[in-house]
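Chains, contacts and geometry: an overview
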Amino acid sequence: MKIGLVLSRSGPMGLWSPTAEGAAIAAATEINDHGGVLGNEIALVAENAGATPQQAFAATQKLIFEHNVDAIVGFQASYMRGAVRDAACGLAPYIYTPQYEGGFTGPGTAALGLTDMEVLGPGIDWLARRKRAQRYFFIGNDYIWPRIAHGTSQDTVAASGGQIVGELLLPLGYLDYDRILERIRATCPDVVICALLGEDAVCFNRAFGEAGMSARTLRLNLAFDETLLYGVGPENAENLFCVQSFFAGAHARHREHMIDSYARCFGGSRPPMTVNAMNVYDGVHLAAALARRVRRVDGFLMARMLDRNFSRPSIYEMLGKPEVSPTPTVHIAEADGTVFEVRETL
């Protein structure tokens with residue numbers, strides 16, 4: 001059974017590719033050690049999705065028509081998701097793994113990541129209760145995920161009794177932060193909500209810390225993990241918060257086996273497992289589970305299973321993890337050097 005990995009090795013998401021690919025290898029090794037899928041070993045084939053929809057489309061077409069893969073596991077930005085789905089042509093299921101804006105991702109597609117509402121609701125409520133935050137500034141990139149996150153932030157902040165005092169949507173790769181930081185400082189926010197992608201989030205958070213703003217202003221970063229925190233650096237990470245379902249340094253109930261498998265495969269030679277890598281790991285297991293469900297390795301039949309009714313709880317029930325509920329358990333964590341320390345489970 002061939003599983004194609006569509007990972008962005010370049011562009012703002014490139015920082016994540018070593019851990020994501022490592023997680024896929026760990027999952028495939030695990031499955032193969034237990035007899036494979038219907039007697040077939042899993043083989044992984046990776047292609048670089050790049051940073052544009054055109055590059056992602058070409059990478060997926062190569063996997064489908066040259067490598068004849070039976071499933072696609074993809075970790076790319078939302079603005080590239082449609083290109084990967086279209087290139088798969090319904091000939092293989094597309095398992096989309098990052099945190100995203102929510103909603104139906106299209107026929108033949110399963111989404112594993114948390115949505116903005118699932119992290120923003122609990123996160124902003126906690127900041128309002130525990131940090132007495134009332135004034136929020138939103139900054140994000142200018143594409144579908146941050147645009148939807150902006151609207152979700154407005155709703156959740158209003159529900160907490162707070163207000164949005166400023167907002168900015170920036171082009172991908174925009175790194176001239178001097179005037180932006182002055183604008184944020186002028187609005188005196190209690191919290192900056194950051195929906196910047198990958199390397200852009202690293203650069204902004206570095207600049208924020210270097211400008212001396214982190215001591216008085218909290219940051220709530222979306223789609224952010226330990227990989228990005230390493231890039232920000234401990235000296236720029238004061239008062240930096242994140243909400244996720246998994247943090248590498250915290251005790252992870254039901255995830256010890258995954259962490260052990262990853263450690264056995266790489267022994268510290270790759271970055272630690274993160275929530276984004278965890279979803280890729282689950283994506284490989286889901287591809288195997290789909291083949292077992294249709295009782296043959298047939299990408300077309302596997303893709304036909306994925307429709308509007310294929311919810312995340314039903315996915316995790318198929319994976320033998322029925323503890324994943326329609327309302328997932330999340331943790332709010334604060335940066336402490338290069339790790340996140342969980343402050344509360346929400």
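Description of the structure in this document. All of these numbers come straight from a predicted model, not from anything done at the bench. (Residues numbered from 1 in each chain as written. Predicted model: local features only at pLDDT ≥ 70, side-chain atom pairs only at ≥ 80, totals over all residues. Heavy atoms only, no water.)

Regarding the pattern of salt bridges
The test is simple: By definition here, a salt bridge exists when the distance from a side-chain nitrogen of Lys or Arg to a carboxyl oxygen of Asp or Glu is within 4 Å. Each helix is a run of DSSP H or I of at least 4 residues and each strand a run of E of at least 2, with the numbering of both proceeding from the N terminus. Partly exposed describes any residue whose relative accessible area lies between the buried limit of under 20% and the exposed limit of over 50%, with all areas from a 1.4 Å probe on protein chains only and scaled to the type maximum.
Applying the stated criterion across every chain yields a total of 12 salt bridges. In this structure, the salt-bridge partner of E47 is K62, at a minimum N-O distance of 3.7 Å. In this pair, E47 is assigned in strand β2 (residues 43–48) and K62 in helix α2 (residues 53–65), connecting sequence segments 15 residues apart. Looking at E47, the relative accessible area reads 15%, which means it is buried.

Digging into the packing of aromatic side chains
Just so we agree on the cut-off: Only Phe, Tyr and Trp rings take part, Trp by its six-membered ring, and two of them pair if their centres are within 6.5 Å. Stacked means planes under 30 degrees apart, edge-to-face means over 60, and tilted covers everything else.
In the structure shown here, the tally under the stated rule is 11 aromatic pairs. Consider the rings of Y177 and F204, whose centres lie 5.6 Å apart with planes at 75°: the pair is edge-to-face. Pair noted here: Y177 is in the loop between β7 (163–170) and α6 (178–187) and F204 is in helix α7 (residues 199–210), with a separation of 27 residues, a long-range link. Residue classification places Y177 among the buried positions, given a relative accessible area of 5%. Among the residues examined, F204 registers a relative accessible area of 0% and is labelled buried. Between the aromatic rings of F247 and F340, the centroid separation amounts to 5.3 Å while the plane-to-plane angle is 55°, which identifies the pairing as tilted. Of this pair, F247 sits in the loop between β10 (240–244) and α9 (256–266) while F340 sits in strand β12 (residues 339–345), and the two are 93 residues apart along the sequence. The burial state of F247 is the same as that of F340; both residues are buried. Each member of the aromatic cluster is reached from another via a ring pair, and the members are Y79, Y143 and W145.

Some points on the packing of helix α1 (residues 17–33) against α9
Describing two packed helices takes the angle between their axes plus the distance from one axis to the other. For clarity, the cut-off: What counts as an axis is a line fitted to C-alpha atoms, over the stretch in contact for a helix, and the angles between N-to-C directions run from 0 to 180 degrees. Orientation labels follow simple angle bins: below 35 degrees gives roughly parallel, above 145 gives roughly antiparallel, 65 to 115 gives roughly perpendicular, and whatever is left gives oblique. Only heavy atoms matter for contacts: two residues are in contact if any of them lie within 4.5 Å across the pair. Each residue gets one label: Ala, Val, Leu, Ile, Met, Phe, Trp, Tyr, Cys and Pro are nonpolar, Asp, Glu, Lys and Arg are charged, and the others, such as Gly, are polar.
Across the interface, α1 lies against α9 with an axial gap of 9 Å and an inter-helix angle of 100°. Considering the angle they form, α1 stands roughly perpendicular to α9. For the pair formed by α1 and α9, the contact residues are T19, G22, A23, I25, A26, T29 and E30 on the first element and H257, S261, Y262, C265 and F266 on the second. Split into classes, the residues belonging to the contact of α1 with α9 amount to 6 nonpolar, 5 polar and 1 charged.

Describing the pairing of strand β11 (residues 331–336)
To keep it simple, the criterion reads: Strand pairing is assigned whenever DSSP identifies at least 2 bridges connecting the two strands.
For β11, a buried count of 5 out of 6 residues is recorded, marking the element as mostly surrounded by other parts of the structure. Pairing between β10 and β11: 4 bridges, direction antiparallel. The residue of β11 that forms the bridge with F241 is E334. In this sheet, β12 lies alongside β11 in antiparallel orientation, the contact comprising 6 bridges.

Focus on the sheet that holds strand β5 (residues 109–111)
The parallel open sheet is built from 5 strands, whose spatial order is β2-β1-β3-β4-β5. Only two strands of the sheet have a single partner each, and these edge strands are β2 and β5. Ignoring which end each strand starts from, the neighbouring axes of this sheet average 20° apart. The pairing of strand β1 (residues 2–7) with strand β3 (residues 71–75) spans 5 bridges and is classified as parallel. Directly across from V6, in β3, lies its bridge partner G74.

Notes on the sheet that holds strand β6 (residues 135–141)
The sheet built from 7 strands is open, its strands ordered β7-β6-β8-β9-β10-β11-β12 with mixed pairing. The open sheet has two edge strands, β7 and β12, and neither has a second partner. Adjacent strand axes in the sheet meet at a mean angle of 25° when their direction is disregarded. In the sheet, strand β9 (residues 218–221) pairs with β10 via 3 bridges, with the strands oriented parallel. Residue pairing across strands places R219 opposite L240, the latter belonging to β10. The sheet strands contacting helix α5 (residues 144–159) are β6, β7 and β8 (191–195), and the helix crosses β7 at an angle near 180°.

Notes on the nonpolar core
We apply this condition: Here the nonpolar core consists of buried residues drawn from Ala, Val, Leu, Ile, Met, Phe, Trp, Tyr and Cys, with membership extended through side-chain atoms lying within 4.5 Å.
Of all hydrophobic cores here, the largest spans 117 residues; its most connected members are I184, I193, F204, F224, L286 and F340. Tallying contributions element by element places helix α10 (residues 275–294) first for this core, with 13 residues. I193 has contacts with L120, I124, Y136, F137, F138, I139, S153, V157, L220 and L222, leaving out every residue within four places of it along the chain.

Focus: unusual backbone geometry
Positive phi is not limited to glycine here, since R132 has a value of about 55°. With respect to the secondary-structure elements, R132 resides in the loop between α4 (116–130) and β6. Note on R132: relative accessible area 73%, which makes it exposed.

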